[in-house]
Amino acid sequence: MLEQQTAGEYRIEDLAHASGTTVRTIRAYADRGLLPRSERRGRTNVYGDEHLARLRQIAGLLDRGYTLASIKELLEAWDAGRGLGGVLGLVAEVQGPWTDEESGQLSRAELEELFGGAADESAVEEAVELGVLERVAGEPEVFLVPSPQQLTVAAELHAAGVPFAAITGQLRELRLRVEEIAAGLLDFTAEHVFQRYLSHPPSDAEATEAAGLVRRLRPLAQQTMDAELARAMRTLATRQLHQHLAGPADPPAAGPATVPVSLPAATVAAVRDLVGPAATAEFVTAAAEREVRKRRMDTLAKDRGGTAGAGGADAPG
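Predicted model, so just to flag it, every value in this text is computed and none were measured. (Residues numbered from 1 in each chain as written. Predicted model: local features only at pLDDT ≥ 70, side-chain atom pairs only at ≥ 80, totals over all residues. Heavy atoms only, no water.)

A. Broad picture of a nonpolar patch on the surface. Among the surface-exposed residues, L174, V178, I181, L185 and M225 lie close enough to one another that they form a single nonpolar patch of about 370 Å² accessible area. Among the elements that line the nonpolar patch, the one with the most residues is helix α9 (residues 164-192), at 4 residues. Checked against the element boundaries, L185 lands in helix α9. (Patch = residues over 30% accessible without salt bridge, like charges linked within 9 Å, V, L, I, M, F, W, Y side chains within 5 Å. Areas by Shrake-Rupley, 256 points an atom, 1.4 Å probe, with all protein chains shown as cover. Salt bridge = Lys/Arg side-chain N within 4 Å of Asp/Glu carboxyl O. Helix = DSSP H or I, 4+ residues; strand = E, 2+ residues; numbered from the N terminus.)

B. Spotlight on the packing of aromatic side chains. What the rule picks out here adds up to 2 aromatic pairs. When the centroid spacing of 5.5 Å and the interplanar angle of 50 degrees are considered together, the rings of F115 and F164 count as tilted. Residue F115 is located in the loop between α6 (108-114) and α7 (121-130), and its partner F164 is located in helix α9; the two are separated by 49 residues in the primary sequence. Between the aromatic rings of F194 and Y197, the centroid separation amounts to 6.3 Å while the plane-to-plane angle is 45 degrees, which identifies the pairing as tilted. For the pair formed by F194 and Y197, the shared burial category is buried. Above the ring of W98, the side-chain terminus of R218 is found at 5.8 Å from the ring centroid. (Phe/Tyr/Trp six-rings, centres within 6.5 Å; stacked < 30°, edge-to-face > 60°. Buried < 20%, exposed > 50% of the residue type's maximum accessible area, 1.4 Å probe, protein only. Lys NZ or Arg CZ within 6 Å of the ring centre and 35° of its normal.)

C. Fine view of the side chain of R54. Structurally, R54 can be placed in helix α3 (residues 49-63). Classification of R54 by relative accessible area gives buried; the value is 8%. Separated by 3.4 Å, the side chain of R54 and the backbone oxygen of L34 make a polar contact. (Polar contact = N/O pair within 3.5 Å; in protein donor to acceptor, adjacent residues only side chain to side chain.)

D. Spatial organisation of the sheet that holds strand β3 (residues 44-48). Strand order in the open sheet made by the 3 strands is β1-β3-β2, with antiparallel pairing throughout. For this open sheet the edge positions go to β1 (9-10) and β2 (39-41), each flanked by a neighbour on one side alone. Strand direction decides the pairing type here: β1 and β3, joined by 2 bridges, are antiparallel. Looking at the pairing, E9 lines up with G48 of β3. Strands in contact with α3 are β1 and β3; relative to β3, the strand with the most contacts, it is inclined by about 70 degrees. (Pairing = 2+ DSSP bridges. Contact = heavy atoms within 4.5 Å. Axes fitted to C-alpha atoms, helices over the stretch in contact; angles between N-to-C directions.)

E. Quick peek at the pattern of salt bridges. Counted under the stated rule, the structure contains 11 salt bridges. Across the pair D14 and R11 runs a salt bridge, and its minimum N-O distance is 3.2 Å. Residue class for D14 comes out partly exposed when judged on its relative accessible area of 29%. A salt bridge links R172 to E126, with the nearest nitrogen and oxygen atoms 3.2 Å apart. Here the residue R172 occupies a position in helix α9, and E126 occupies one in helix α7, the gap between them amounting to 46 residues. Assessed through its relative accessible area of 32%, R172 is described here as partly exposed. One network of salt bridges, with partners in common, ties together R108, E121, E125, R135 and E141.

Right under this line is the structure:
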């Protein structure tokens, strides 16, 4: 006999069709604890509208870039009554664009024209690896440009005579340094601004409040970087210009003469372990000078003591 189904009830095949997923995926979600248990009715597992809604929630979160593990945590928060609106709003603020610049698209012909016909395949591949360009699925002659300003800078540098390898090398180095600065700024704000939200799973209201703080503070990072970079560039460029205009500097004064001295390898190794290779010579020199001064002081004190003793013997009683 066929099992009777009412409106809002689904066999697994019907649920897969209604949700736009597959039977295999539904079973995998159930095994991971992402779906509520189905109702066993005879030989058939019956699902309801809550399963369909949950599958649509999961699909939406996957589209936002969440992993299944993080989706499970969010859904558990939802089931515990904490709500997802504030949490998803916080995530949207953090994962959203941190700049007002809009991405664009560029054909390969436009790219080559931008670089004066010099955008060879190896340079394009490196730009893709660095994320300066992104390939568009199904369109091999079209690229997505996340930051048109960054690509324009590269084109201007190349037009000024800078090789592609030097441009990408500088970008890699700059990226490392900027990521270190960003990590420091995040640690700073986590300690002084967001600590009260990090000590426990935030409620929906707390997540909403934290999202508002992110929205307010997010522009400050770029504003601070812009101001400090402008200050540093002005200071260092002015110093470098003055150095070039002043002509070659006077040769440095000759330091004290040095004489090679042989030391036991074990001694040198011990000093190197203590103070590091860069300070080994300085440490040995300082130790030797201290010993020389100590012996000189001992000699002076001894001579002074002998003189005092002799004077005391000749003095009248």
